[in-house]
Amino acid sequence: MYDIFSYNVEQSRGDTHNMIVILMKYHGHTLQSAVDYVGNLCEETIKGFIRDRKQIPSWGPEIDSMVERYLDGLQNWIVG
């Protein structure tokens, strides 16, 4: 998702390490179709994370607490 928000600044600096730039340059996307593609990819990734998180087994309160903190960190990283 960050690549969508940072695209304008990065492209003005000539930075090519952005999914939007890569999709346009190497896969023939327009700006809009690249943004749509990245947005959909992010949405599907988040949905998959939420779905898979519900499938995590329990290993007891102590381990479950550590796993929960770890998963919270992953969730915050994905959104950030």
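Just so you know, these numbers come straight off a predicted model, no measurement behind them.

Visitor: Which parts of the structure should I look at to understand helix 1 (residues 2–12)?
Guide: Residues lying three or four places apart along an α-helix face the same way, a consequence of the helix completing one turn every 3.6 residues. For helix 1, the set of buried residues is Asp3, Ser6, Tyr7 and Glu10. Axial view of helix 1: buried residues confined to an arc of 150°, hence all on one face. Structural note: helix 1 exposes Phe5, Asn8 and Ser12 on the side pointing more than 90 degrees away from its buried face. If you follow the buried residues of helix 1, they end up packed against helix 2 (19–27) and helix 3 (31–53).

Visitor: I keep staring at the packing of helix 2 against helix 3 and nothing clicks. Help me out?
Guide: Two measures define how a pair of helices packs: the angle their axes make with one another and the distance between the axes. Where helix 2 contacts helix 3, the axes come no closer than 9 Å and their chain directions differ by 125°. Classified by the interaxial angle, the pair formed by helix 2 and helix 3 is oblique. The two elements helix 2 and helix 3 cross, and the hand of that crossing is right-handed. Of the residues in helix 3, those touching helix 2 at Met19, Ile20, Leu23 and Met24 are Leu31, Ala34, Val35, Tyr37, Val38 and Leu41. The residue makeup of the contact of helix 2 with helix 3, split by class, is 10 nonpolar, no polar and no charged.

Visitor: Can you walk me through the confidence of the model for the chain in this structure?
Guide: Low pLDDT means the predicted atomic positions in that stretch should not be read closely. For the chain, the mean per-residue pLDDT works out to 93, and 98% of the residues sit at or above 70. Looking across the chain, the model is least confident in helix 1, with a mean pLDDT of 90, and most confident in helix 2, with 96.

Visitor: Can you help me understand the pattern of salt bridges in this one?
Guide: One side chain can pair with another of opposite charge once the charged atoms of both are near each other. In the structure shown here, the tally under the stated rule is 6 salt bridges. With a shortest N-O distance of 3.9 Å, arginine 13 and aspartate 15 are connected by a salt bridge. What makes aspartate 15 partly exposed here is its relative accessible area of 22%. The network of salt bridges with common partners includes Glu43, Glu44 and Lys47.

Calculation rules
- Residues numbered from 1 in each chain as written.
- Predicted model: local features only at pLDDT ≥ 70, side-chain atom pairs only at ≥ 80, totals over all residues.
- Heavy atoms only, no water.
- Buried < 20%, exposed > 50% of the residue type's maximum accessible area, 1.4 Å probe, protein only.
- Helix = DSSP H or I, 4+ residues; strand = E, 2+ residues; numbered from the N terminus.
- Arc of directions from axis to C-beta.
- Contact = heavy atoms within 4.5 Å.
- Axes fitted to C-alpha atoms, helices over the stretch in contact; angles between N-to-C directions.
- Parallel < 35°, antiparallel > 145°, perpendicular 65-115°, else oblique.
- Left-handed = near helix turned anticlockwise from the far one by under 90°.
- Nonpolar A, V, L, I, M, F, W, Y, C, P; charged D, E, K, R; others polar.
- pLDDT = per-residue confidence, 0-100.
- Salt bridge = Lys/Arg side-chain N within 4 Å of Asp/Glu carboxyl O.

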